[in-house]
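An overview of the molecular structure
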Amino acid sequence: MAALLMPPLRPRKDRVFRGTISHLTNLNDDELRRRYRFGKDSIAYLCNLLQDRLRRPTNKATALTVEQQVCIALRFYASGSFLQVIGDTLGYDKGTVSRVVNDVTDALIDIKDDFVSWPTDVDSINRIKCGFYRQSNFPNVLGCIDCTHVRIQAPSDDEPSYVNRKGYHSINVQAVCDFEGRFTNIFANWPGSTHDSHIFNTSTLSNHLQTNHRGLIDGVILGDSGYACRPYLLTPYANPTERHQQRFNGCHASTRSVIERTFGILKRRFHVLHSEVRMKPEKVCRIFGACAVLHNIALSRNEPLVNDDGAGVRLDQPVQVPAFLGVQDGRNTREHVARLFFNH
C-alpha cells in the first residue's frame, strides 16, 4: 500500500557533453574578429599566454581545452550577451560559461602587470613624452587620466551608492593611457556615485606621484576640471583671460582627448562594458581589468578597431622643459608651462 503512495521515479537523464569551437578553422580572420575581436594568430597567442593557468588538471576527454575556454570568454566580452545566450550559441551549459568567464578573467588579471604598467624606465618615459608632444605639442606629458562608468544591475548591498549622477547604477573606473591609447594604470574599485577626484586621491597612482614626483621635469598627467590641479596633474584654467591661458586650454583639451577616444574604442571592442553587466560589482571590476589587458594586447598585435594615430612615433629625446623653481603647486606649475609654451 505504501508503495502505491510513493511518486513515480523520473528516469535519470544521460549526461550530454556539448560544445566544440570549430570557428578557428572554418572562419577567416575578419569573421573571427566580428565574433571574438581577435584574429586566429592572436587567439593562438592568448591561448599560449594563458595555458598554464587554464589547463584542466584532468585527463577526461570532456574537459574543456584552453582554446575553448578562451573563445567562450572572448565571445562574452565581445558581445555582452547573457551567459545563457553565450551557452546556447556555442553549445555549453550556462554554468559552464559562468565558470569559464571567471577563470579566464582571473587568468588575465594575474598577468595584468605585464601589460598594464606605469612607465618607470627612461626609454619608456621619453617615448611617451615624445609621442604626446609630436601629436599635440604639449610638453612632458606622461599620460591622460579620466573616469568612465560601466553600467551594472542594481546590487543588493549598498544600492544607493552605485547610482551615478546620470541616474543609473554603475562602477566608476579610473584609467590613464599614453599617446597610443594604451592603458598604463587602471583603478576599478568604486561605485558610480564616487567623484573622480576622490577616486584619484585614494589611488596607488596618486600616492606614487606624491611620493616620487620631483617636479615638472619628471612629467605630468593631464586631467579635466573634475580634478584638483597639482604639480603632477595639470587641469585646464577655469576662466582663461589671457592668450597663453586660452592656448593652454586648447592644447590641453586636444591632448587629453586620447583617453576619451580610448574608452570609446574599449567599449566598442568589448560590448560587455557598454551594456548592463548582470554580475556583482567586484566581478565587474575584474572584467574591466581583463578587458583592459586584452585592449593593450590588441594594440601590441595591431588588431583592428583601434585608433593608431601617432603609432610608430620615435624621437630620441623629449622636448626640454626648464626646471620650475617657483612655488611647487598645481596652479603655479600650470602657469609656468602656459607662459613658456603657449604665450605666442
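Residues numbered from 1 in each chain as written. Predicted model: local features only at pLDDT ≥ 70, side-chain atom pairs only at ≥ 80, totals over all residues. Heavy atoms only, no water.

A short note on the sheet that holds strand 4 (residues 220–222)
The line we're drawing: Two strands form a pair only when DSSP identifies at least two bridges running between them. In this description a helix means any DSSP run of H or I spanning at least four residues, a strand means any run of E spanning at least two, and both kinds are numbered starting from the N terminus. Only heavy atoms matter for contacts: two residues are in contact if any of them lie within 4.5 Å across the pair. Structural elements are reduced to axes, namely lines fitted to C-alpha atoms, with helices fitted over the stretch in contact, and the angle between N-to-C directions of any two is expressed from 0 to 180 degrees.
If you trace the five strands from one edge of the open sheet to the other, you get 3-2-1-4-5, paired in mixed fashion. Edge positions in the open sheet fall to strand 3 (183–191) and strand 5 (233–234), since each of these has one partner strand only. Sheet contacts for helix 13 (residues 281–300): strand 1 (141–151), strand 2 (170–177) and strand 3; angle to strand 3, the most-contacted strand, approximately 170°.

Describing helix 3 (residues 29–36)
Where we set the bar: The definition of a polar contact used here is a pair of N or O atoms within 3.5 Å, where within protein one atom must be able to donate a hydrogen and the other to accept one, and adjacent residues in sequence count solely through side-chain atom pairs.
At the N-terminal end of helix 3, a side-chain oxygen is found 3.1 Å from the backbone nitrogen of aspartate 30, two or three residues along, and the residue is asparagine 28. Where helix 3 terminates, the next one or two residues include arginine 37, which has phi positive at roughly 70°.

Comments concerning unusual backbone geometry
Applied cut-off: For each residue, the accessible area found with a 1.4 Å probe, counting protein chains only, is set against the maximum for its type, and the residue is called buried under 20%, exposed over 50%, and partly exposed in between.
We note that asparagine 137 has phi near 65°; this positive angle belongs to a residue other than glycine. Along the chain, the position of asparagine 137 falls in the loop between helix 9 (122–136) and strand 1. Accessibility expressed as a relative area gives 48% for asparagine 137, which makes it partly exposed. Notably, asparagine 302 is not glycine yet its phi reads approximately 55°, a positive angle. By the element assignment, asparagine 302 lies in the loop between helix 13 and helix 14 (330–341). Its relative accessible area of 67% is what places asparagine 302 among the exposed residues.

A closer look at helix 4 (residues 40–54)
Residues spaced three or four apart along an α-helix face the same direction, because each turn holds 3.6 residues. Our working rule: The angle between axes fitted to the seven-residue stretch ending at a residue and the seven-residue stretch beginning at it gives the bend at that residue.
If you look at helix 4, its biggest bend is around 35°, right at asparagine 48. Taken together, the buried positions of helix 4 are occupied by Ser42, Ile43, Leu46, Cys47, Leu50 and Leu54.

What to know about the pairing of strand 3
Of all nine residues in strand 3, seven are buried; the element is thus mostly enclosed. Sheet analysis places strand 2 next to strand 3, joined by seven bridges and oriented antiparallel. Its bridge partner being in strand 3, cysteine 177 is matched across the sheet by phenylalanine 183. Hairpin geometry of strand 2 and strand 3 is characterised by an intervening segment of five residues between the two adjacent antiparallel strands and by a positive phi of about 80° at glycine 181.

Details of the packing of aromatic side chains
So the rule is basically this: Classification of ring pairs uses Phe, Tyr and Trp, with its six-membered ring standing for Trp, and accepts pairs whose centres are within 6.5 Å; under 30 degrees between planes counts as stacked, over 60 as edge-to-face, and the remaining range as tilted.
A full pass over the atoms with the stated rule returns six aromatic pairs. Ring geometry for phenylalanine 183 and phenylalanine 263: centres 6.3 Å apart, planes at 35°, overall tilted. Linking phenylalanine 183 in strand 3 with phenylalanine 263 in helix 12 (residues 243–269), this pair joins segments that are 80 residues apart in sequence. Residue classification places phenylalanine 263 among the buried positions, given a relative accessible area of 7%. Aromatic pair phenylalanine 200 and tyrosine 227: ring centres 6.1 Å apart, planes at 85°, arrangement edge-to-face. Here tyrosine 227 lies in the loop between strand 4 and strand 5 and phenylalanine 200 lies in helix 10 (residues 196–201), a separation of 27 residues in the sequence. Across the pair, tyrosine 227 and phenylalanine 200 agree in class, each one buried. Members of the aromatic cluster, connected to one another through ring pairs, are Phe138, Tyr237 and Phe248.

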